[in-house]
Amino acid sequence: MTEGQVEQAQQFGQVTVPSWWSVLEHHSRLLVAAIDMATHHIEWTSDRFRQLVGMVDIPPSLGDAVLKRLSADDQLWVRERIRRHILNAILTERYGRRDLLPSRWLHETLIVSVSPLAGDLARFVEFTVSSDQLQLCTLEPAVRAALDRCWPQPPSASEVLQQLQDPHSSLQAVLQLLNPQTYTASGIVLIEGMDVSDREVTQRLIHLLLDRESILQPRRFLQANLLLKRLFRATDSFILTAEDNTAVLYLDLHEPEWTTHPLPADCLQESALSTAAAEGTVLNLKDLSAPCLSACEPMLRQRGAKSLLILPLVVKSARLQDSPKLLGVVGVMSDQPDAFDAIDEHNGQTLAPALTIAMRQSVNERFIHIHESVRWRFEEEAERRSLGLPPAPITFRDVYPLYGISDIRGSSNERNRAIQQDLLTQFRLALTIAQAVCEATQTAFAEQFRHDLQVTIEQLQRGITVDAEITLLRYLQDNLEAHFDFFNTCGKQVQAAIAAYEAAKDDEHDCVYDARSLYDQTVQHINLSLRSTWQRWQRTMQQVSPHYCDIESTDGIDHMIYAGRAIDQRFSPFHLRSLRYEQLRAVCDCARTGFRLKAEHATEMDITHLVLVQDSTVDITHDESTERLFDVRGTRDTRYEIVKKRIDKALDATTHDRITQPGCLTLVYSTNEEWEEYQEYLRYLQREGWVGTDIEQGVVEPLQGVTGLKFARVTVLAAPTQKEDASPSINASLNNHKAEV
């Protein structure tokens, strides 16, 4: 035997070290330690275990010193795992059966963080505890008495399991009493562990990246950046975004404020980065002394980078017929050439989907978030991929859709009036310049140009055409502004007129933009107010049953809810009816918000409100190659999607008026069963004072590909004059349903 084996054999007394132990001790990747339960000391250890705890220069007997490298919580969990095997020995001795405790409970794995040694990083270890020939020698009377209170007669395995699962059971009290002072035992408890630092770091990164809030913000990215550099043993990292034909390189990601470097718009085009992006592969640049792939490599070389690992973040846009769209890249760099290997490339491929989602949160106009109610499924899929399994679709089957729209009616007319007002202002200023030029030069051409401006102003006063905003501004650029250099030589009166013209122009839009700016601010305020009202109700609705909700803002807001057992396991018909009623209350509150906004802004714009009813379920699936977070799946669900896209412009088949009207709530449904359910909800809303008693009904004029729809419309009442608590109340809502359902 080796000297180490002799020492261990001496410590175990009569225990003979097996012949295979030398191989396990010195060459196994496992972290192995054996605890002698007679002394409660770690006696038998592998080389890798001693290296992990930093005790390679002392005899193998480590005692409790190993636990000091763990956090207080992890120390408790380690002792708890050992206590399970003591309990197994007690039950075996007391009832003569070895099968009372489930094997999976005895050998449940545990991941602990081992604090770093000098020059090292904290390590994550996944370990299990096993026992061999563990026998109970003595047991304190108090523990035996506590055990007697668990079962009046010898228990079955199911009865033991039942008490194990109950945190307040008598058996849990027995476990709390087990410590080296209350029992003595003989035998060996074996601890076997595996260093899973890379896997654990990857999982923590994925969890951070899938957070609902954008992770790609300097102050929130610090932790993710540390994990990235640790996983890839990198000296630095960077982000390169590509959006709307522009590119920006972000450096110093470890700082609270990043350093930004705008790059040429075509820096990624026709480069190896784009090729890798199109193929969806991680790019390993082993030597940066080679010819540059894009404009960013020279900047990275100046920071000491000699090799790079680049993770392209790509989605496929349905609007571009599945052509790849490069959102950007996340890269790590090393000050050594050829620093990254095939394992790093695999880890990068595993992280790419989560990084892509995080990037979309920052650069996509829709700010797609992984909603809290469905994030667990994304994390589950990420974990599968980290284990080398092929990608699988993220699908939620048989969920109920709840769709609604709060649409700003008349926004196009209001914007046209704003365009008209701005163009009139700019053309009148242009006319002032032309008149001053005519007085200074007295040429026939200047007179004709002045006459053209007068004619255009008269036409603008009567109205504007669709292309007026572009064509008329281009006319001024080509026929007026292009001659400013000459006009400025025509005297002080012309110079003053040009100065007034330039001062009236908005720097960003390079034209008069006062009325349109006010319009934009009004629409934005309306959208934000509607969104705020809806999100306030969303907090209530999430308490009813966790569900996925997506909100989009354009001219107004629309919401898409998916709810069902695939998302919330406790989901029931009661929860569905509760959500549907809360949706109607929320839309009514959005209508009241619209009343207030119309008065505040003195605008001609109104807001209409519609809820689309569907009692059948749909399947939704996430396809990471598209920009949307979820798409409906299967042909049976396409009808609902068609209706969603066209229903806001639908007409009454009899009157040919729009089915949505200002200040009203419109319900669109298909079957009598759907109407009977929602008729009940309208009665509840009337009782609460949300809507009036008169209900208009009709048939929806056939849409392209969809017929048979009906509608009901009811007026939303203004908020009571007396100040009442109109905030959504989950308890009040549930009580209403309990009383009426």
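How each quantity is defined
- Residues numbered from 1 in each chain as written.
- Predicted model: local features only at pLDDT ≥ 70, side-chain atom pairs only at ≥ 80, totals over all residues.
- Heavy atoms only, no water.
- Helix = DSSP H or I, 4+ residues; strand = E, 2+ residues; numbered from the N terminus.
- Buried < 20%, exposed > 50% of the residue type's maximum accessible area, 1.4 Å probe, protein only.
- Areas by Shrake-Rupley, 256 points an atom, 1.4 Å probe, with all protein chains shown as cover.
- Pairing = 2+ DSSP bridges.
- Salt bridge = Lys/Arg side-chain N within 4 Å of Asp/Glu carboxyl O.
- Axes fitted to C-alpha atoms, helices over the stretch in contact; angles between N-to-C directions.
- Contact = heavy atoms within 4.5 Å.
- pLDDT = per-residue confidence, 0-100.
- Parallel < 35°, antiparallel > 145°, perpendicular 65-115°, else oblique.
- Nonpolar A, V, L, I, M, F, W, Y, C, P; charged D, E, K, R; others polar.
- Expected span 1.5 Å × (residues − 1).
- Arc of directions from axis to C-beta.
- Phe/Tyr/Trp six-rings, centres within 6.5 Å; stacked < 30°, edge-to-face > 60°.
- Lys NZ or Arg CZ within 6 Å of the ring centre and 35° of its normal.
- Core = buried A, V, L, I, M, F, W, Y, C linked by side-chain atoms within 4.5 Å.

A count of helices and strands for the protein gives 24 helices and 20 strands. For the protein, the proportion of its 741 residues judged to be buried stands at 49%. By element, 50% of the accessible surface of the protein is carried by carbon and sulfur atoms, the whole surface being about 36500 Å².

A separate point is the pairing of strand β13 (residues 548-554). Here β13 runs beside strand β14 (residues 556-563); their pairing, made up of 7 bridges, is antiparallel. Residue pairing in the sheet places D550 in a bridge with M560 of β14.

Once the charged atoms of two side chains with opposite charge are near each other, the side chains can pair. Inspection of every chain in the model, using the stated rule, returns 33 salt bridges. Of the charged contacts, one joins E108 and R81 as a salt bridge, the two residues approaching to 3.9 Å between their closest N and O atoms. Taken together, the residues E108 in the loop between α5 (103-106) and β3 (110-114) and R81 in helix α4 (residues 72-95) connect sequence positions 27 residues apart. Taking the relative accessible area as the measure of exposure, E108 reaches 35% and is therefore partly exposed.

Attention now goes to the pairing of strand β16 (residues 618-622). When you tally the buried positions in β16, you get 5 out of 5 residues, the bulk of the element. Residues of β16 alternate between two faces, with V618, I620 and H622 on one and D619 and T621 on the opposite face, all of them buried. The sheet contact formed by strand β12 (residues 394-409) and β16 spans 4 bridges and is antiparallel. Bridge assignment links T395 to a residue of β16, and that residue is T621.

This brings us to the sheet that holds strand β2 (residues 41-45). Judged by pairing direction, the sheet is antiparallel, and its 5 strands sit side by side in the order β2-β1-β5-β4-β3 without closing on themselves. Edge positions in the sheet fall to β2 and β3, since each has one partner strand and no second. On average, adjacent strands in this sheet sit at an angle of 35° to one another, irrespective of strand direction. Pairing between β3 and strand β4 (residues 123-139): 5 bridges, direction antiparallel. Bridging from a neighbouring strand, S113 pairs with F124 of β4. Running at roughly 35° to β4, α4 makes contact with β1 (31-36), β3, β4 and β5 (183-195) of the sheet.

A few words on the confidence of the model for the protein. Considering every residue of the protein, the mean pLDDT works out to 80; 80% of them sit at 70 or more. Mean pLDDT across the elements of the protein ranges from a minimum in helix α24 (residues 730-740), with 40, to a maximum in strand β20 (residues 710-716), with 95. In the predicted structure, residues 1-15 sits below a pLDDT of 50 and forms 24 contacts with residues beyond four places in sequence or in another chain. In this model, residues 722-727 is a region of pLDDT below 50 whose contacts with residues beyond four sequence positions or in other chains number 3 contacts.

Where helix α15 (residues 411-441) contacts helix α17 (residues 468-479), the axes come no closer than 11 Å and their chain directions differ by 10°. Compared by their axis directions, α15 and α17 come out roughly parallel. Residues R415, I419, L423, Q426, F427 and A430 of α15 touch α17, and the partners they reach there are A468, E469, L472, L473, Y475 and L476. Residues belonging to the contact of α15 with α17 are distributed by class as follows: 9 nonpolar, 1 polar and 2 charged.

If you check helix α19 (residues 492-504), its first and last C-alpha atoms are 18 Å apart, about what 13 residues at 1.5 Å a residue would give, namely 18 Å. Along α19, the positions that sit buried rather than exposed are V494, A497, I498 and Y501. For α19, the angular spread of buried residues about the axis comes to 100°, placing them on one side. Opposite its buried face, α19 presents the exposed residues K492 and A503, each directed more than 90 degrees away. Contacts made by the buried residues of α19 are with α15, α17 and α18 (484-487).

Attention now moves to the packing of aromatic side chains. Enumeration over the complete set of coordinates arrives at 13 aromatic pairs. When the centroid spacing of 5.7 Å and the interplanar angle of 85° are considered together, the rings of F484 and Y501 count as edge-to-face. On the criterion of sequence distance, the pair formed by F484 in helix α18 and Y501 in helix α19 is long-range, its members being 17 residues apart. You'll find F484 and Y501 in the same group, each marked buried. Pairwise contacts between aromatic rings join Y581, Y678, Y681 and Y684 into one cluster. Lying over the aromatic face of Y403, K644 brings its terminal NZ or CZ to 5.2 Å of the ring centre.

By size, the foremost hydrophobic cluster in this structure holds 61 residues, and its most contacted members are F232, L351 and I647. Not counting chain neighbours up to four residues away, the residues in contact with F232 comprise L309, V332, F340, D344, N347, G348 and L351.

As a packed pair, helix α7 (residues 157-165) and helix α8 (residues 170-177) sit with axes 7 Å apart at the nearest point and diverge in direction by 70°. Relative to α8, the element α7 is oriented roughly perpendicular. Of α8, the residues touching α7 (which contributes V160, Q163 and L164) are S170, L171 and Q172. Looking at the contact of α7 with α8, its residues break down into 3 nonpolar, 3 polar and no charged.

With a phi angle near 55°, R233 is a residue other than glycine that sits in the positive phi range. Take R233: it is sitting in the loop between α10 (218-232) and β6 (236-243). One non-glycine residue, D510, lies in the positive phi region at around 60°. Relative to the helices and strands, D510 resides in the loop between α19 and α20 (514-544).

The next subject is the side chain of Q583. Residue placement: Q583 occurs in helix α21 (residues 573-601). Discounting chain neighbours no more than four positions away, the residues touching Q583 are L402, Y403, G404, W534, M541, H559, V611 and Y678.

Quick look at α8 now. Of all the residues in α8, the buried ones are L171, Q172, V174 and L175. The buried residues of α8 occupy one face: seen down the axis, they fall within an arc of 155°. Check the buried side of α8 and you find it contacts α4, α5, α6 (141-148) and α7.

Residue position: S572 is located in the loop between β14 and α21. On the accessibility criterion, S572 (22% relative accessible area) is partly exposed. In this structure the C-alpha to C-alpha distance between S572 and S545, which are 27 residues apart in sequence, comes to 9.2 Å.

What follows covers the environment of E379. Positionally, E379 belongs in helix α14 (residues 375-386). Sequence separation between E379 and L209 is 170 residues; the distance between their C-alpha atoms is 10.0 Å. Apart from residues lying up to four places away in sequence, E379 is in contact with H207 and L210.

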